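# Summary of structural features
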Amino acid sequence: MLKLNQVSKSFVTKQGEISILENVNLHIGAGEKVAIVGPSGSGKSTLLSLIGLLDTPTSGEIVITGESLANLSEAEQAGFRNEKIGFIFQSFELISPFTVTENVMAPLDIAGEKVNQESITNLLDDIGLNNRKEAMPRTLSGGEKQRVAIARALVKKPAIILADEPTGSLDRSTGEKVLTMLLEAVSDSHTTLIIITHDESIAKRMDRVFEIRDKGVYERN
């Protein structure tokens, strides 16, 4: 599903070149649930941006569903990202003027795909928000907003979902409920899930845990 082969990332600053990740090798299978942990500033978000085609590696190769991302043009990468990758952010990133339903449908609209209203209704049912489908984001609780974000990430049935501290803005009880809903959803759809987290209780619920340290990525035994 996902392979990183000798991937490195560095940035050029006024003080010189800063290396964030060096020669990272990572293989994740279809349907696996994976946590990426590490201290602040270790490169977790950089790694997620590389996998999600929001940034490009300085060197090395990233392969998703058998396709090398280096071979894609910028426009092709945008299409691939919208088709194959779902994103869930700590800050929800909902579109304020859009209703719950419109937020969930946004990836389909961007791709110019025909909307199957029955599938949208079923998805909203699955996340327990069908009674809020016409609600505006400002009227939703934090847990509801994150459930909308989960549904939006799932709507195109992506191969991979990337979640950056998805429960970081929620209280413990709400966060556990949202996480359980996310894990059930990706299990049902056999979607690969990669979560960045600092919460060890979340990491323990994943199939595998990788730690970023010393600019490398290492699997915990």
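Structure shown above.
Per chain, the residues get numbers from 1 upward, laid out in the order the sequence is written. In keeping with the model being predicted, local features are shown solely for residues with a pLDDT of at least 70 and side-chain atom pairs are shown and tallied solely at 80 or more, while totals for entire chains, interfaces and linings include all residues. The basis for the side-chain values is all heavy atoms of the structure; hydrogens and waters are excluded.

This part covers the packing of aromatic side chains. The rule is short: rings of Phe, Tyr and Trp, with Trp giving its six-membered ring, pair when the centres are within 6.5 Å, and they are stacked under 30 degrees, edge-to-face over 60, tilted in between. All chains considered together, the criterion is met by one aromatic pair. Ring centres of Phe87 and Phe89 lie 5.9 Å apart, and the angle between their planes is 0°; on these two criteria the pair is classed as stacked.

The next thing to look at is the pairing of strand E9 (residues 208-213). For two strands to pair, DSSP has to find at least two bridges joining them. The secondary structure listing takes helices from DSSP runs of H or I that are at least 4 residues long and strands from runs of E that are at least 2 residues long, numbered from the N terminus. Pairing of strand E3 (residues 33-37) with E9, which is carried by four bridges, proceeds in the parallel orientation. Its bridge partner being in E9, Ile36 is matched across the sheet by Phe210. Note: E9 against strand E10 (residues 216-219), four bridges, orientation antiparallel. Counterpart to Glu211 in the pairing with E10 is Tyr218. In textbook terms, the turn of a hairpin is the stretch between consecutive antiparallel strands, and for E9 and E10 this stretch comprises two residues, one of which, Asp214, has a positive phi near 50°.

This next bit is on a negative patch on the surface. Exposure above 30% relative accessible area and the absence of a salt bridge qualify a residue for a patch, where like charges join within 9 Å and nonpolar side chains (Val, Leu, Ile, Met, Phe, Trp, Tyr) within 5 Å. To be clear on the numbers: accessible area is Shrake-Rupley with a 1.4 Å probe, and residue cover counts the displayed protein chains and nothing else. Definition used for salt bridges: Asp or Glu carboxyl oxygen within 4 Å of a side-chain nitrogen of Lys or Arg. The charge count includes Lys and Arg as positive and Asp and Glu as negative, but it does not include His or the ends of the chains. The atoms used to mark charge sites are NZ of Lys, CZ of Arg, CG of Asp and CD of Glu. Among the surface-exposed residues, Asp125, Asp126, Glu184 and Asp188 lie close enough to one another that they form a single negatively charged patch. Taken together, the elements giving at least two residues each to the negative patch come down to helix H4 (117-126) and helix H6 (172-189). By the secondary structure assignment, Asp126 is in helix H4.

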